[in-house]
Amino acid sequence: MRNKKFFAKALAFAMVMGTVGVHGAVASPVSVVKATAPTATGVEFKEGSYTVVITAENGEAYVCLQVLKDSKGEKVSGEYWYAVDAGAVTVDLSFLKATKKQYIRAYGVADSESAIVEIPAQPKTVIKYNAKTQKFVDKSKSDISDTDLAKLQYKTLYGSTWNDDLSSTSFDIANAATAGTTLVVRLKADATAHTPAGTEVKVKIAAVAKAPKVKLDFNKDAITLPKGVEIAVQDDMTAAVEPADWKEASGKLTQKELLGKAGVADTAIDTTLESGYTLFVRTKKTEKKATSNMAIVTVKATPVLKQATKGTVTNGANDKIACTFTDDDATLTVTSTDGTVWAYSLDGGRKWVTIEGTSVKLNVKKGDKFMLRALATEDTFASNTEEVENTGATTQTTPGGTTPGGTTTS
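Every residue gets a number counted from 1 within its own chain, in the order that chain's sequence is written. For this predicted model, a pLDDT threshold of at least 70 governs which residues receive local features, and a threshold of 80 or more governs which side-chain atom pairs are given and counted, while totals over whole chains, interfaces and linings are taken from all residues. Working from all heavy atoms in the structure, the side-chain values ignore hydrogens and water.

**Quick word on the confidence of the model for the protein**
At step 1: Averaged over all residues, the pLDDT of the protein equals 84, while 85% of them reach at least 70.
At step 2: pLDDT measures how confident the predictor is about each residue, on a scale from 0 to 100. The contact rule is simple, with two residues in contact once any of their heavy atoms fall within 4.5 Å. Contacts for the low-pLDDT stretch residues 1-41, under 50 throughout, to residues beyond four places or in other chains number 80 contacts.
At step 3: Overall, residues 395-410 carries pLDDT values under 50, and its contacts beyond four positions in sequence, including any with other chains, amount to 36 contacts.

**Observations regarding the side chain of Arg105**
At step 1: Labels follow the DSSP assignment, with helices taken as runs of H or I lasting at least four residues and strands as runs of E lasting at least two, numbered in each case from the N terminus. Within the secondary structure, Arg105 is located in strand β6 (residues 102-107).
At step 2: Distance and chemistry together define a polar contact, namely a pair of N or O atoms within 3.5 Å, with one atom able to donate a hydrogen and the other to accept it when in protein, and with adjacent residues in sequence counting only for side-chain atoms on both sides. A distance of 2.5 Å separates the side chain of Arg105 from the side chain of Gln66, its partner in a polar contact.
At step 3: Separated by 3.0 Å, the side chain of Arg105 and the backbone oxygen of Gly73 make a polar contact.
At step 4: Among all residues touching Arg105, those that are not within four sequence positions of it are Cys64, Leu65, Gln66, Leu68, Gly73, Val76, Glu113, Ser114, Ala115 and Ile116.

**Some words on a positive patch on the surface**
At step 1: On the surface, a cluster of positive charge is contributed by Lys124, Lys128, Lys132, Lys139, Lys141 and Lys288.
At step 2: Residue position: Lys128 is located in strand β8 (residues 128-130).
At step 3: Summary of the burial criterion: residues with accessible area below 20% of their type's maximum are buried, those above 50% are exposed, and those between are partly exposed, where the area comes from a 1.4 Å probe applied to protein chains only. Lys128 gets classed as exposed once you look at its relative accessible area, which sits at 55%. Exposure above 30% relative accessible area and the absence of a salt bridge qualify a residue for a patch, where like charges join within 9 Å and nonpolar side chains (Val, Leu, Ile, Met, Phe, Trp, Tyr) within 5 Å. In these tables, accessible area is a Shrake-Rupley quantity obtained with a 1.4 Å probe, and a residue counts as shielded only by the protein chains included in the view. Between Lys or Arg on one side and Asp or Glu on the other, a salt bridge is scored when a side-chain nitrogen of the former is within 4 Å of a carboxyl oxygen of the latter. Neither His nor the chain ends contribute to the count of charged residues, in which Lys and Arg are positive and Asp and Glu negative. Here the site of a charge means atom NZ of a Lys, CZ of an Arg, CG of an Asp or CD of a Glu.

**Digging into the sheet that holds strand β4 (residues 76-83)**
At step 1: The pairing criterion for strands is at least two bridges between them, as found by DSSP. Read from one edge to the other, the open sheet built from four strands follows the order β4-β3-β6-β7, with strand pairing classed as antiparallel. On the outer flanks of this sheet lie β4 and β7 (117-119), each paired with one strand and no other. Across the sheet, the axes of successive neighbouring strands diverge by a mean angle of 30°, strand direction being ignored.
At step 2: The pairing of strand β3 (residues 62-68) with β6 spans five bridges and is classified as antiparallel. Across the sheet, the residue bridging to Leu68 is Tyr103, located in β6. Interaxial angle, 0 to 180 degrees, is taken between N-to-C directions of lines fitted to C-alpha atoms, where a helix line uses only the stretch in contact.

**Some details on the sheet that holds strand β2 (residues 51-55)**
At step 1: A sheet is described by the order of its strands in space; here three strands give the open sequence β1-β2-β5, paired in antiparallel fashion. Pairing within the sheet leaves two strands with one partner each, and these edge strands are β1 (43-46) and β5 (88-92). Neighbouring strand axes in the sheet, compared pairwise and without regard to direction, differ in orientation by 20° on average.

**Here we look at unusual backbone geometry**
At step 1: Phi at Lys141 is positive, roughly 70°, even though this residue is not glycine.
At step 2: Within the secondary structure, Lys141 sits in the loop between β9 (135-137) and α2 (146-149).
At step 3: One non-glycine residue, Asp221, adopts positive backbone phi at about 50°.
At step 4: Topologically, Asp221 is positioned in the loop between β13 (215-217) and β14 (222-234).

**Structural notes on the pairing of β1**
At step 1: Of the two faces of β1, only the one carrying Val43 and Phe45 is buried; Glu44 and Lys46 on the other face are not.
At step 2: Pairing geometry for β1 and β2, over four bridges, is antiparallel. When the bridges of β2 are listed, Glu44 appears paired with Val53.
At step 3: What sits between β1 and β2 in their antiparallel hairpin is a turn of four residues, with Tyr50 showing a positive phi close to 55°.

**Observations concerning the nonpolar core**
At step 1: One finds Leu225, Ile231, Val233, Leu258, Leu259, Tyr277 and Leu279 to be the most contacted residues of the largest nonpolar core, which totals 24 residues.
At step 2: Elements with a minimum of two residues in this core: β14, β15 (247-253), α4 (255-261), α5 (266-275), β16 (277-283) and β17 (295-299).
At step 3: Here the element with the most residues in this core is β14; it accounts for five residues. Nonpolar core, defined: a set of buried Ala, Val, Leu, Ile, Met, Phe, Trp, Tyr and Cys residues in which side-chain atoms within 4.5 Å join the residues together.

**Things to note about the pairing of strand β11 (residues 181-187)**
At step 1: Bridge count between strand β10 (residues 152-156) and β11: five bridges; the pairing is antiparallel. Its bridge partner lying in β11, Gln153 is registered against Arg186.
At step 2: Pairing between β11 and strand β12 (residues 201-205): five bridges, direction antiparallel. Bridged to Thr181 within β12 is Ile205.

**Considering the pattern of salt bridges**
At step 1: Summed over the entire model, instances satisfying the criterion amount to ten salt bridges.
At step 2: Close ionic contact of Arg186 with Glu200 constitutes a salt bridge, the shortest N to O distance being 3.8 Å. A residue pair is termed long-range when its members are at least 10 positions apart, and Arg186 in strand β11 and Glu200 in the loop between β11 and β12 qualify at 14 residues.
At step 3: On the basis of relative accessible area, Arg186 is assigned to the buried category, the value being 11%.
At step 4: In this structure, Asp328 engages Lys365 in a salt bridge whose closest nitrogen and oxygen atoms are separated by 3.6 Å. On the criterion of sequence distance, the pair formed by Asp328 in the loop between β20 (319-325) and β21 (330-336) and Lys365 in the loop between β24 (359-362) and β25 (369-374) is long-range, its members being 37 residues apart.
At step 5: Judged by its relative accessible area of 40%, Lys365 is partly exposed.

Now the structure itself:
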């Protein structure tokens, strides 16, 4: 039996609910939920959801949850009445002070009560993020092992679904650090030990540094890289960059210099230029900072001029300039099936003149030299330059067209 004060409270509620007559007639006694452990019939504590299920075993329409000040149950800190639905009610216990043990019991409208049920304290979740190493660490700043990370649950800051494994096999920390995010992390509940999920901790995963700036000068065949970066080159975007692919480079480089620093073999550089490639650039890792985001630059095919036969300069299989010489001049005949825009220079490459039409005659004496190249476009590099010498009439071949023309460019 409760003390008089407690009984009076229950009786008053019963009168309000209509289970006790106004003349004091008491309804037939009902057996209220009993519980001797967190999983006992009648009061069942759910560790994973931090809730308690109260079963009204004898058809009560309402049950009361009492929060007690200690394990003896002599002092009550709060009472909460809940309507029963289909014989039971689930109560969210998040209103409790979960960082320490709590005690509860339940009863119906009759003068009986359940056993006292202990609600274990939430274990403390301790986790931080080390932006330098891109690792989760504990209070001592030591890396948390994958085994221990697998015991943690996480969700995004505004997410509603808990993911059950924070280990590297389930959570891609590098992906999260690309733009940065905030996680809510907790220890998973342990049904065997009847311990609830741990305290929730916000873990901010800082975004890595922005990608370095890469400058391309198509006319001057120059790629400028900032200090402290590393590069990698792949044929296209379908191949992933492996750790061993990254090479250090910086400064203003020609394409051939850049490809050489990226580890492309000398014998493969021309082929790489002719087919195009993808350049990856990032700020390298230091003792204080992780690697930055990547800058990814698609470099389109660059013409590679060759002069296998003296006086004939080719760009691939279809485009070429055939030179015919006299002792006083040189006539350039252009074939440009693939759309190469050709130019010549008479001053060692300081000024370039675009070749218009299918041929042009140059005032170049026997023994003098001039240069040829394919011009840059708005998104492709200019070709290498080929130097041609007027060898005089003795090496002259059948001339092409004779229409002179040209536009001077710098």
